Amino acid sequence: MYNFQEKANFIWSIAELLRGDYKQSDYGKVILPLTVLRRLDCVLEPTKEKVLNQYESLQKTNIQNLEPILNKLTGEKFHNTSQYDFQKLKADPNNIASNLINYINGFSSNAYDIIEYFNFNDHINRLDDSNLLYLIVEKFSEIDLHPGKVSNIEMGYIFEELIRRFSEQSNETAGEHFTPREVIRLMVNLIFNEDYSDELVQKGIVRTLYDPACGTGGMLSIAQEYLLELNPDAQLKVFGQELNPESFAICKSDMLVKAQDPTNIKFGNSFTADGLPHQKFDYMLSNPPFGVEWKKVQKPIIDEHEKQGYAGRFGAGLPRVSDGSLLFLQHMISKMKSPDEGGSRIGIVFNGSPLFSGGAESGESNIRRWIIENDWLEAIVALPDQLFYNTGITTYVWIVTNRKNDDRKGKIQLINAVEYSKKMRKSLGNKRNEIIKHQIAEITKIHEEFKPGKYSKIFDNEDFGFQRITVERPLRLSIQVSEGRIEQLKDQTAFQNLAKSRKKGETGQLEMEEGKKQQEKIVGVLENLTSEKVYKDRGEFIKVLKIKFKQHDLKLNATVQKAIIAALSEKDETADICLDSKGNPETDADLRDYENVPLKENIHDYFEWEVKPHVSDAWIDEDKTKVGYEIPFTRYFYDYTPLRPLEEIDGEIKELESEILELLKKVTS
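A. Summary view of the side chain of D41. When you line up the elements, D41 lands in helix α2 (residues 28–44). A distance of 2.8 Å separates the side chain of D41 from the side chain of Y103, its partner in a polar contact. When residues no more than four places from it in sequence are discounted, the contact partners of D41 are D85, F86 and Y103.

Laid out in structure tokens, this is it:
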């Protein structure tokens, strides 16, 4: 298996020939297409002469479509009719550019399309002008990438190791990473687990699998190989879509070599240009880029959400624009077969954010609620950290299905597999840990047995729901008229606006003068009220104020009254409750609080037991109650470690003090 590292190192050494003529971040534009070409070249090598001879003979006939005939000779879904291969290209250094173009043009249409996505023709003349093209082709001719020497799994590793290194040169984000093969193997186990004993062992069974962010095709390849291990008579048809042109081309070439239908792999953004809009699948796997914003495609996604609702893909809600992970899951759910058709099973890798980000009735919470209340979430597995090449963060595998078995209905299993890893002898980027074969088997068994234990917890769906209640407390104000507080009134906007006018000219000037007179009268009224008396009842003070204003022929409108109260009052827990015009208590926004009440509990019982004993004047504003869902995974597996006894800590401190004193004596002696 680790033969891939030697091959990847050799190809990387070829990339070093580009130093000086290419930026390091552009090495992949040359090396990746040539790696694909060399792989295809090695696959076709045993049948090359037969194809050329047959092609020459068929040229004399009237047969229009030669592809099926020539593909039958190669035993693959592609062929090449150029007289050149890598060995012959090497034999004619003076014409390397034109011969290489002739060789590329000789591929059948499905293989030629793959090379086109690399835009490699743009680099052929540039490399030739720099006297690099022959050197690089010659080097590639030395590496044997025939499937008999390099398995499809190893080839996948080579591609991903090269892309990982090129990504480091390009400073790509941590979210754009590749999935280690052992993680894929575990995910395949988890989605096949429930079907292995009966369905997947049937002779001649045909199933479909889809990945909306398929990258270089690792998920698809491992799933296909694993199903064949379980049942050699089974057939898994794979489908995918990929946004990155190079990854798309590699994935498609991989499908071509494996005799899969390469037209099942679509190019483009799965959200805005779904390449498989009407198809449903038995299984789905994905490791979408998490922590990556979707602002560039925001408009069409919002339009679909608002106009199509649940008839579209994003009816449940939209996550924050900084992380589109949950959009991928909604997209995959839209492609589940109905339970009547056998249903579907989904495995998807997330970071921790989709478990709990967003408050009640936020986009993320509503998506979780939709999934859980439909009883689609079967299990979540916490993986060890430092498993991925470009990021060391903790990740989780979600298993989502619309065909749970009877034991799992209404239940969700959480599996804590963070300890199931082995330190690697040599790191690959940020990947320092790996899950080895027997650990994969143990995690799979924990999922299969569906029992509570140290690493497994079983919950009801409702355990992850909560009602977010708004706890209000009344406004209590004490009011005192003093010189200092009258000065504060003068700074109130409503008071200052009395002496302003929007009108121009003489009319405006008259209004401003009238306003200033009104300000002076108000201040005069308040100065007459100045005393040491503190009003504990706001209503009592307002009555006094209205009487005084009337006596001075002043109108006390709501705006002025509010400004006066704001300037002359302060919060006071000993004051009476402030009431509105209907006699209801007014709320104090500064004292407003929120409580998350488990969905299984009655909010009124919770309020009486948990809130009222501490704040007897509080109440619930039921119009503001919201339902939310979150999965606080780590809380359920928290293992409390008791603090060491004080005597033990004190003893260590005294020992250290003694050691320090001894050292000081030696220094000073």
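Read on, since the account is not over.
B. Expanded view of the pattern of salt bridges. Under the definition given, this model contains 37 salt bridges. The residue E472 makes a salt bridge to R592 at a minimum N-O spacing of 2.9 Å. Placement of the pair is E472 in strand β12 (residues 465–472) and R592 in the loop between β14 (569–571) and β15 (593–598), with a sequence separation of 120 residues. Judged by its relative accessible area of 28%, R592 falls in the partly exposed class. Ionic pairing is found between R644 and E652, a salt bridge with its closest N-O pair at 2.7 Å. Under the relative-accessibility criterion, E652 is labelled partly exposed at 36%. Within this structure, K411, D460, D463 and K600 form a network of salt bridges that share partners.

C. Structural context of the pairing of strand β9 (residues 422–428). Alignment of β9 against strand β10 (residues 431–434), held across 3 bridges, turns out to be antiparallel. Counterpart to K423 in the pairing with β10 is N433. In textbook terms, the turn of a hairpin is the stretch between consecutive antiparallel strands, and for β9 and β10 this stretch comprises 2 residues, one of which, G429, has a positive phi near 65°.

D. How the structure looks around the pairing of strand β8 (residues 411–416). Of all the 6 residues making up β8, 5 are buried; the element is thus mostly covered by neighbouring parts of the structure. Where β8 lies against strand β11 (residues 456–460), 5 bridges are found, and the strand directions are antiparallel. Counted as the bridge partner of K411 is D460 from β11.

E. Expanded view of helix α22 (residues 538–551). For α22, with 14 residues, the first-to-last C-alpha span of 20 Å sits near the 20 Å given by 1.5 Å per residue. Within α22 the residues assigned to the buried category are R538, F541, I542, L545 and F549. Buried residues along α22 cover an arc of 100° about the axis, so they all sit on one side. Turned more than 90 degrees away from the buried face of α22, the exposed residues are K543, K550 and Q551.

F. Molecular detail of the packing of helix α11 (residues 181–192) against helix α12 (residues 218–230). Contact geometry of α11 with α12 gives a least axis separation of 9 Å together with a crossing angle of 55°. Between α11 and α12, the angle falls in the class oblique. Relative to α12, α11 is oriented so that their crossing is right-handed. Contacts between α11 and α12 involve R181, I184, R185, M187, V188, N189 and F192 on the former and, on the latter, G218, M219, I222, A223, Y226, L227, E229 and L230. Partitioned by chemical class, the residues of the contact of α11 with α12 number 10 nonpolar, 2 polar and 3 charged.

Conventions used here
- Residues numbered from 1 in each chain as written.
- Predicted model: local features only at pLDDT ≥ 70, side-chain atom pairs only at ≥ 80, totals over all residues.
- Heavy atoms only, no water.
- Helix = DSSP H or I, 4+ residues; strand = E, 2+ residues; numbered from the N terminus.
- Polar contact = N/O pair within 3.5 Å; in protein donor to acceptor, adjacent residues only side chain to side chain.
- Contact = heavy atoms within 4.5 Å.
- Salt bridge = Lys/Arg side-chain N within 4 Å of Asp/Glu carboxyl O.
- Buried < 20%, exposed > 50% of the residue type's maximum accessible area, 1.4 Å probe, protein only.
- Pairing = 2+ DSSP bridges.
- Expected span 1.5 Å × (residues − 1).
- Arc of directions from axis to C-beta.
- Axes fitted to C-alpha atoms, helices over the stretch in contact; angles between N-to-C directions.
- Parallel < 35°, antiparallel > 145°, perpendicular 65-115°, else oblique.
- Left-handed = near helix turned anticlockwise from the far one by under 90°.
- Nonpolar A, V, L, I, M, F, W, Y, C, P; charged D, E, K, R; others polar.

Purely geometric numbers; function is a separate question.
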